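As a plain string of letters, each chain reads:
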Amino acid sequence: MSNSNNSTSAPFSISNGAGMGSAFVCEVVGRVNSKGIWLGDDPLSFSVPLLLLQLSIISIFTRFIYVFLKPFGQPSIVSQIIGGVVLGPSVLGHNLNFAEKMFPLKGGLVLETMSVFGFMLFIFLIGVKTDPSILFRAGKRVVVIGTLAFCIPYGIAGLVKMNLCESYSLNKNNCKLLERLVVLQSLTSFPVVATFLAELNILNSEIGRLATSSAMICDLFFWFTMSLTYVKEMAVARSTKISIESFISVACLFGVIAFGVRPAALWAVRNTPEGKPVKEIYTTVALIALMGCVFMGEIVGLDPLISSFLVGLAIPDGPPLGAALVERLDCFVSVLLTPIFFTLCGLKTNVYTIQKWHTVGITQLIVLAGFCAKLIGTMIPPLFCRMPFRDAFSLGLIMNSRGIVELILLNDWRTRNVLNDESFAIMVVSVVTVTGAISPLVKALYDPSRRFLAYKRRTIQHHGRNQELRMLACIHSQENVHTVVTLLSATNPSKQDPVGLFVLHLIKLAGRASSLLIPHIPHDKPPENPTQSEKIFSAFETFQHVNCGNVALNCYKGISPSRTMHNDVCSLALEERITFIIMPFHTQTIDNKTIESSHSYRHLNMNVLDKAPCSVGILVDRSNPKKSSLLLEETLSYKIIVLFFGGADDREALAYGRRMLKHPCVSVSVLHFKISLPNMETTARIHVYDAKILDEFRFNLFPNARISYEEKVVTDRKGIIDVIEAIDESYDLVMVGKQHENLQVLSEFGTGSEDKELGEIGEIVATGNSKLRASVLVVQQQKRVWGMRNPVENPYERYISIIRNKKQNDFCVIPSQKSNENFLIPQ
């Protein structure tokens, strides 16, 4: 019994090592709902009002702290633990009146039960999101990193522990505690790493994929070590018969999960048509299986963490079943239940119990040894593979991240008296400190877009003759395929000018914890029920077959979060030496009807335009698949018009149009806009490179009937729009650059094109009210080249500006014939 008969007199106390379960309190049965203060009830003496107040206070404090710490790069787990520390006995809870009123023992029991249920669902969802096949696809580098990340800290921290136990003559219990800390420091948990990377938005980066795969290998070593420790303790503490019975019962539970839950989940997946929602009965049965297996695990003595993770692992990740479970549970678990667990860890942390600095020093020495050893063990293989030191160091920091799994183990050890309150408080503070320090460091050190910087020009304009043109076509759905294939056909793949085509099907990450970028392996026989990816790839395989020998096709499937999907596009473009990327526009217009797409597609396109290591084209699909043919050989003519204002992007569009002219069915018209203002020196605005590429185009004008050239003089925005609206409706494709230096002299345009996906003119053509129903390709020439500040900037204009600013008339500009440089020489 408790020391008091008053239900509110026993505070939310954690003063003894056994935790909350070791205390008792007398409480009137059935006090759940209050009748209200007007009828004389104290609402905080009833379970429901007290729980609602606790959840409200926890949410307010943790959210406020998160908003305050977010600018410093702190993850949510730090704010949630600190919120619990503030509410607990370390700060506000040090006032007994506050602790007894807000967090009495009876209310704490309800709250802790909810937290255990919450982290059980959280671990279940992590299991659902996990793809076990990563272990079989892991390369040697991943296996070596995961192995060293566990073995080196385990060995070094173990040596430090042995020296400490001998030097300070620590008792058996303290040595056992340090032994557990050594194992804990060797752990790199896959759920923690996946959550950490997702919060940093680098889950599908090179380091992100390496970290998640290596963490799974490290996890295997950890749980194997823990299993051996458990078996050893069982053999010592219990009889051989009980140990055997325990082993058999656990094996039977594993058998139920492997041969009962797993086949049932696969059957549900097979019986769910692609694109259709999962039946309610399937998700219901999955949750019932979870509850039943965890209950059986409690009976046989298996930790809920393990049994819930195994049930989640038995359910296939991704759509349809895995994604449906994640979609329905994730918000409830991550927003409400999981923060309760982190906050309770803070509530149980009493910094006033830290009395012996000797204990702090010994504990932190183990933590420091494990941290440095894991950092070294993780960095050695990447550095040996010539990874930059900065990236290898970032990987080592990520592998040292701490989170929910470590806190679960600390809570479990505290409940079983392995940890006392002092050691528990020291370790929680250590988790907060390490995680709080790692997050901003990784953000500062690792930028995935930095590696997308190319070391040579990858543009169509600078593409050599008789060389393979490597193109990357990004596809969201089957609706994108028709116009992309038509554009590729107009590119004229031939023996003299072959095309290396890479197709990337972009899929939003759903129901998975790790991103995926894998090549598609064609089937020997067409599948009976092809997936959407297989249908998309099949269309491009047909295109390859028609252009036999002229097109080399490689298909990829990328599954990643929408916020970082551009990393897949840019990394594939860099690794495969792509020259031109085709991205679908975020809206489509079919049969004069605008079909809105996700805002995430626009975000994706803007990131690709900003970070791509080559030229990019945004394709606005306004064609009618029912009225147009897929392959140009079936049509008499494919008419293209290039709107030329001047600048690198327009030169890239015109260079693409010149290549298309090699196709016998393609005709190209160039509409050259000349801007004329009363006080404008037009000669100063003529670009040397613009004139050069226009002259080359016009040189082929008379011999070729499929070429036309026209100049239009405009003075304002209205004049440009009038010319565009007067364009013939018979064109199939409009090509235009994204940025135009000449337009900056018109006050109506300004400099807002940087923030627009299509640029100023592209927006007018694609979204304007013109009668032109052609598809639109907005082209941006490569922006990021190593050693060049801005490759789209015209050197001629830069030098003219220098001359004007210094008011020197003693120099003239001579274009070089051998390179893209101009020289200033005295007249």
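Anything mentioned here points back to the structure above.
Here is what the cut-offs are and how they apply
Residues numbered from 1 in each chain as written. Predicted model: local features only at pLDDT ≥ 70, side-chain atom pairs only at ≥ 80, totals over all residues. Heavy atoms only, no water. Core = buried A, V, L, I, M, F, W, Y, C linked by side-chain atoms within 4.5 Å. Buried < 20%, exposed > 50% of the residue type's maximum accessible area, 1.4 Å probe, protein only. Helix = DSSP H or I, 4+ residues; strand = E, 2+ residues; numbered from the N terminus. Contact = heavy atoms within 4.5 Å. Polar contact = N/O pair within 3.5 Å; in protein donor to acceptor, adjacent residues only side chain to side chain. Pairing = 2+ DSSP bridges. Axes fitted to C-alpha atoms, helices over the stretch in contact; angles between N-to-C directions. Left-handed = near helix turned anticlockwise from the far one by under 90°. Nonpolar A, V, L, I, M, F, W, Y, C, P; charged D, E, K, R; others polar. Phe/Tyr/Trp six-rings, centres within 6.5 Å; stacked < 30°, edge-to-face > 60°.

Asks: Could you clarify how one ought to interpret the nonpolar core in this entry?
Replies: Within soluble globular proteins, side chains that are nonpolar tend to cluster in buried spots. Counting 121 residues, the largest nonpolar core has Phe124, Ile398, Ile404, Leu407 and Leu410 as its most contacted members. Looking at which element gives the most residues to this core, the answer is helix α13 (residues 321-347), with 13 residues. The contact partners of isoleucine 404, leaving out residues within four places of it in the chain, are Ile77, Phe119, Phe122, Val192, Thr338, Phe341 and Phe342.

Asks: Even after reading the chapter, I still don't get the side chain of histidine 505, so can you show me in this structure?
Replies: Here histidine 505 lies in strand β2 (residues 499-508). Here histidine 476 takes part through its backbone oxygen, which lies 3.4 Å from a polar atom of the side chain of histidine 505. Residues contacting histidine 505, with those up to four places away along its chain left out, are Ile475, His476, Gln532, Ser533, Ile536, Phe537, Tyr556, Lys557 and Gly558.

Asks: What exactly am I supposed to notice about helix α18 (residues 481-490) here?
Replies: Residues separated by three or four positions in an α-helix point in the same direction, a consequence of the helix having 3.6 residues per turn. Counting buried residues in α18 gives ten out of ten residues, a clear majority hidden from the surface. Turning to α18, its buried residues are Val481, His482, Thr483, Val484, Val485, Thr486, Leu487, Leu488, Ser489 and Ala490. Two residues or fewer past α18, asparagine 492 is found with a positive phi of approximately 65°.

Asks: When you look at the sheet that holds strand β5 (residues 580-584) in this model, what are you seeing that I'm missing?
Replies: Sheet strands pair by backbone hydrogen bonding; their relative direction is either parallel or antiparallel. Strand order in this open sheet of eleven strands is β3-β4-β2-β1-β5-β8-β13-β12-β9-β10-β11, and the pairing throughout is mixed. Here the strands that pair on one side only, and so sit at the sheet edges, are β3 (516-519) and β11 (707-714). Sheet twist, expressed as the average angle between the axes of neighbouring strands with direction ignored, equals 20°. Against the sheet, α18 makes contact with β1 (469-475), β2, β5, β8 (615-620), β9 (638-644), β10 (666-675), β12 (733-737) and β13 (775-780), and its axis sits at roughly 170° relative to β1, the strand it touches most. Running at roughly 165° to β5, helix α21 (residues 599-611) makes contact with β2, β5, β8 and β13 of the sheet.

Asks: Help me out: how do you make sense of the packing of helix α11 (residues 280-300) against helix α12 (residues 304-314) in this one?
Replies: The relative placement of two packed helices comes down to the angle between their axes together with the axis-to-axis distance. Their axes nearest at 9 Å, the elements α11 and α12 cross at an angle of 145°. Crossing of α11 over α12 shows right-handed handedness. Here α11 contributes Leu290, Cys293, Val294 and Glu298 to the contact with α12, which in turn contributes Pro304, Ser307, Ser308 and Val311. Looking at the contact of α11 with α12 residue by residue, the classes come out as five nonpolar, two polar and one charged.

Asks: Just checking my understanding: could you explain the packing of aromatic side chains for this structure?
Replies: Aromatic ring pairs are defined here through the distance separating the ring centres and the angle between the ring planes. Using the criterion set out here, one finds eleven aromatic pairs in the structure. When the centroid spacing of 6.0 Å and the interplanar angle of 55° are considered together, the rings of phenylalanine 68 and phenylalanine 72 count as tilted. Owing to a relative accessible area of 51%, phenylalanine 72 belongs among the exposed residues under this scheme. Residues phenylalanine 341 and phenylalanine 342 carry aromatic rings whose centres are separated by 5.9 Å and whose planes lie at 65° to one another, so their mutual orientation is edge-to-face.

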